[in-house]
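Listed below are the residues making up each chain.
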Amino acid sequence: MVQRFRPQYDSESEDDDLGSVLQNRKDESDDDFSSLSFGALSSAQKKLQQEERNRDEESSSSESDSEDEFFSKDKKDKKNKKNQLKKKNKHAPSESSSKRPVSRIREIPGLKQKKDTTLYTDVRFDAAYGKANWDRVRNDYAFLDEYRQKEIKEMQSILNNKKERAKLSDYEVEDLKFKIQSLQSRLDTLKNRDMGNKIIKDHKKDQMAKMRKGEQVNPYFLKKSEQRKMLQKVKFDNLKSSQREKVMERKRKRRLGKEFKAMEFR
């Protein structure tokens, strides 16, 4: 009967054998490895793998350090460039980057910049020619109101004439109505503005006359709210009886609506 012996593993003997093999592995043949036990071979393999891992970690750490140094150098170079672009002295001319193109129109302080300008500009009201006097402009171009009124009458006559209106399409009819409404609203706004300016001028004249007579020491300037009240009073006085009734009815409905809204929350 053949006897089988279980192999015994001795850690110290295995380490000694492993050291001898690793030192002389270049000169020795494969027969030396056959004399080693499986435990010694497995431990040798583990040590070799650990050495390879350590080498990889060292190489990766060296690469990361080199990358950090590279990026830090780039940041320092950018900071140095920015510092170079800054003025060394407040009286020195400013330096700008050549990457951004220079605008052909030079921006002059005090005038409207390119951003502030719109598509439609009027040279007569340009800031380069000084501040515009709106009262004078209104007096110079007051004759345009007559042309606007004539245009409104012509368009209204076209709409009232059935034959001429039949020739127009629905779009053209709506366009005429819109033009009439816009021109009429423009005339009304100009009229109200003229009326407000007249009220302020008359008030200033009265105040100056009282100061000359000695009735007042200092003039009294109207507030915006007081100007609006005076303008509404003048408008109401100039209205016809039928228009006054409409205005009063509108105010009454507005007041009732406010009262109903206040009662809902009670």
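Scoring rules and cut-offs
- Residues numbered from 1 in each chain as written.
- Predicted model: local features only at pLDDT ≥ 70, side-chain atom pairs only at ≥ 80, totals over all residues.
- Heavy atoms only, no water.
- pLDDT = per-residue confidence, 0-100.
- Helix = DSSP H or I, 4+ residues; strand = E, 2+ residues; numbered from the N terminus.
- Contact = heavy atoms within 4.5 Å.
- Salt bridge = Lys/Arg side-chain N within 4 Å of Asp/Glu carboxyl O.
- Buried < 20%, exposed > 50% of the residue type's maximum accessible area, 1.4 Å probe, protein only.
- Core = buried A, V, L, I, M, F, W, Y, C linked by side-chain atoms within 4.5 Å.

Draft legend 1. The arrangement of the confidence of the model for the protein chain in detail. Confidence along the protein chain averages 75 in pLDDT terms, with 68% of residues attaining 70 or more. Summarising per-element confidence for the protein chain, the mean pLDDT is lowest in helix α1 (residues 11-23) (51) and highest in helix α5 (residues 144-160) (92). In the model, residues 9-14 has pLDDT below 50 throughout and makes 6 contacts with residues more than four positions away in sequence or in other chains. Below a pLDDT of 50 lies the segment residues 25-31, which in the model reaches 4 contacts outside its immediate sequence neighbourhood of four places, other chains included.

Draft legend 2. Highlighting the pattern of salt bridges. For the coordinates displayed, the defined rule picks out 6 salt bridges. Arg-148 serves as the salt-bridge partner of Asp-145, at 2.9 Å between the closest nitrogen and oxygen. With Asp-145 and Arg-148 both in helix α5, this residue pair falls 3 residues apart, about one helical turn. We classify Arg-148 as buried; its relative accessible area is 15%.

Draft legend 3. Quick peek at the nonpolar core. Counting 8 residues, the largest nonpolar core is built from Ile-152, Met-155, Leu-159, Val-173, Leu-176, Ile-180, Leu-183 and Leu-187. Sorting the residues of this core by element identifies α5 and α7 (170-213) as the ones contributing at least two each. In terms of residue count, the dominant contributor to this core is α7 (5 residues). In this structure, Leu-159 is in contact with Arg-165, Val-173, Leu-176, Lys-177 and Ile-180, ignoring residues within four places of it in sequence.

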